[in-house]
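Per-entry structural report
Below are the chains, spelled out letter by letter.
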Amino acid sequence: MSSTQLSAQETASRSSVIPCFLRGFFENPLQVASFVPSSSFLQRKLSSLACLQTARCVVELGPGTGETTRALLEAMPADSQLLCVEVVSEFVAHLQELADPRLTVVENSALSLKSILQQQNFAKPDVIVSGVPFSVMSPEEGRQLIQTIHQVLAPGGVFVTYQFRNNVCELAEDCFGAPQSRDLVLWNLPPLDLYLWEKTAESGEQKKMSSLTLEA
Ligand SMILES: C[S@@+](CC[C@H](N)C(=O)[O-])C[C@H]1O[C@@H](n2cnc3c(N)ncnc32)[C@H](O)[C@@H]1O
């Protein structure tokens, strides 16, 4: 497919989801946090992530109307699986229209991720991508979500999130340490940062163990 065809397809799909996204925003302003879906610039950055190209199991939290979901599916192998978790019912209905055999959509909160993975019998994810806005969650909920993401990720797994504010770095510090990369996406409304952390042996458990050793 040529880039002209691709961008014509992107524009058509984007204009068809904007009314749905706007309604979702006005009905749930805090959760949705933006009145238009993420830009094609962010979508391209997501689909060029190396970690997606070899991933078997991917989780997307806060997929919205599916613009970012399409970008993930574009990069993922043919025999991989993508589990999307979204709270807004109208967005879930839109996502279910994405006819891709690799995709499972669950209407629930990202905060229930652990039990969702169990119910869906989904393996430990290699990559978790989150569009859930940490800045509008309470610090307790934000920390709980990061801890769950860290616990359920496969060893060596990657956590990717795009955010309008940077409080996610503080929330993730204890589990993941500093982000491995931070990429400013100016061409988005509003501009945002794309962060990436890897769950290394150094992050989380080892970090906690070394602090316990120091305290002893
Ligand atoms: C900034 S929008 C991003 C939407 C889409 N990924 C995009 O980039 O166009 C945030 C999304 O997270 C969803 N969301 C917010 N809180 C959530 C939660 N606790 N669990 C699951 N989804 C949530 C919202 O409904 C919304 O779809």
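This text goes with the structure placed above it.
Because the structure is a prediction, the values reported are computed rather than measured.

**Here we look at helix 8 (residues 139-152)**
The end-to-end C-alpha separation of helix 8 is 20 Å, in line with the 20 Å expected for 14 residues at 1.5 Å each. Buried within helix 8 are the following residues: G142, L145, I146, T148, I149, H150 and V152.

**Considerations on the layout of surface pockets**
For the largest pocket, the calculated volume is near 640 Å³. Surrounding the largest pocket, 37 residues form its lining, Q31, V32, G131, V132 and P133 being those nearest its centre. Every element with two or more residues in the lining of the largest pocket is listed here: helix 2 (29-32), helix 5 (67-75), strand 2 (81-86) and strand 5 (158-163). With three residues, helix 2 is the single largest residue contributor to the lining of the largest pocket. For the lining of the largest pocket, the residue count by class is 20 nonpolar, 14 polar and three charged.

**Details of a nonpolar patch on the surface**
Residues F41, L184, L186 and W187 make up a contiguous nonpolar surface patch of roughly 490 Å² in combined accessible area. For F41, the position within the fold is in helix 3 (residues 40-47).

**Examining the environment of A50**
Secondary-structure assignment places A50 in helix 4 (residues 50-53). Residue classification places A50 among the exposed residues on the basis of a relative accessible area of 58%. Taking the C-alpha atoms as reference points, A50 and M76, 26 residues apart in sequence, are found 9.7 Å from one another.

**Points about the packing of helix 3 against helix 5**
Each packed pair of helices is defined by two parameters, the angle between the axes and the distance between the axes. For the pair helix 3 and helix 5, interaxial distance at closest approach is 8 Å and the crossing angle is 30 degrees. Taken together, the axes of helix 3 and helix 5 are roughly parallel relative to one another. Read as a crossing pair, helix 3 and helix 5 show a hand that is right-handed. Seen from helix 3, the contacting residues are L42, Q43, L46 and S47; seen from helix 5, they are E67, T68, A71, L72, E74 and A75. Tallied by class, residues from the contact of helix 3 with helix 5 come to five nonpolar, three polar and two charged.

**Let's talk about the pattern of salt bridges**
Side chains bearing opposite charge may pair, as long as their charged atoms lie close to each other. By the definition in use, this model includes six salt bridges. We note a salt bridge from D79 to R56, for which the minimum N-O separation is 2.4 Å. One end of the pair, D79, is in the loop between helix 5 and strand 2; the other, R56, is in the loop between helix 4 and strand 1 (57-61), with 23 residues separating them in the sequence. On the basis of relative accessibility, which here comes to 51%, the residue D79 falls in the exposed class. For E67, the salt bridge is made with R70, and the minimal N-O distance between the two is 3.3 Å. Here E67 and its partner R70 are both found in helix 5, three residues apart, which amounts to about one turn of the helix. Taking relative accessible area as the criterion, E67 reaches 5% and is therefore assigned buried. Take R70: its relative accessible area is 36%, and that puts it in the partly exposed class.

**Some points on the environment of N167**
Tracing the backbone shows N167 in helix 9 (residues 167-176). On the accessibility criterion, N167 (24% relative accessible area) is partly exposed. If sequence neighbours within four positions are ignored, N167 has contacts with F134 and S135. Among the polar contacts listed, one links the side chain of N167 to the backbone oxygen of F134, at a separation of 3.5 Å.

**A word on the nonpolar core**
Formed by 29 residues in total, the largest nonpolar core has its most connected members in L61, I146, I149 and F176. Looking at this core, the elements that each hand over two or more residues are strand 1, strand 2, helix 7 (113-119), helix 8, helix 9 and strand 7 (192-198). With six residues, helix 9 is the largest single contributor of residues to this core. Counting 28 residues, the second-largest nonpolar core is a separate cluster that includes A75, M76, L103 and V105.

Procedures and definitions
- Residues numbered from 1 in each chain as written.
- Predicted model: local features only at pLDDT ≥ 70, side-chain atom pairs only at ≥ 80, totals over all residues.
- Heavy atoms only, no water.
- Helix = DSSP H or I, 4+ residues; strand = E, 2+ residues; numbered from the N terminus.
- Expected span 1.5 Å × (residues − 1).
- Buried < 20%, exposed > 50% of the residue type's maximum accessible area, 1.4 Å probe, protein only.
- 1 Å grid on protein atoms, 1.4 Å probe; cavity = no way out; pocket = protein on both sides within 12 Å on 5 of 7 lines; lining within 4 Å.
- Points joined across faces, edges and corners; volume = space filled by probe spheres on them.
- Nonpolar A, V, L, I, M, F, W, Y, C, P; charged D, E, K, R; others polar.
- Patch = residues over 30% accessible without salt bridge, like charges linked within 9 Å, V, L, I, M, F, W, Y side chains within 5 Å.
- Areas by Shrake-Rupley, 256 points an atom, 1.4 Å probe, with all protein chains shown as cover.
- Salt bridge = Lys/Arg side-chain N within 4 Å of Asp/Glu carboxyl O.
- Axes fitted to C-alpha atoms, helices over the stretch in contact; angles between N-to-C directions.
- Parallel < 35°, antiparallel > 145°, perpendicular 65-115°, else oblique.
- Left-handed = near helix turned anticlockwise from the far one by under 90°.
- Contact = heavy atoms within 4.5 Å.
- Polar contact = N/O pair within 3.5 Å; in protein donor to acceptor, adjacent residues only side chain to side chain.
- Core = buried A, V, L, I, M, F, W, Y, C linked by side-chain atoms within 4.5 Å.

Worth remembering: the numbers are spatial, not functional.
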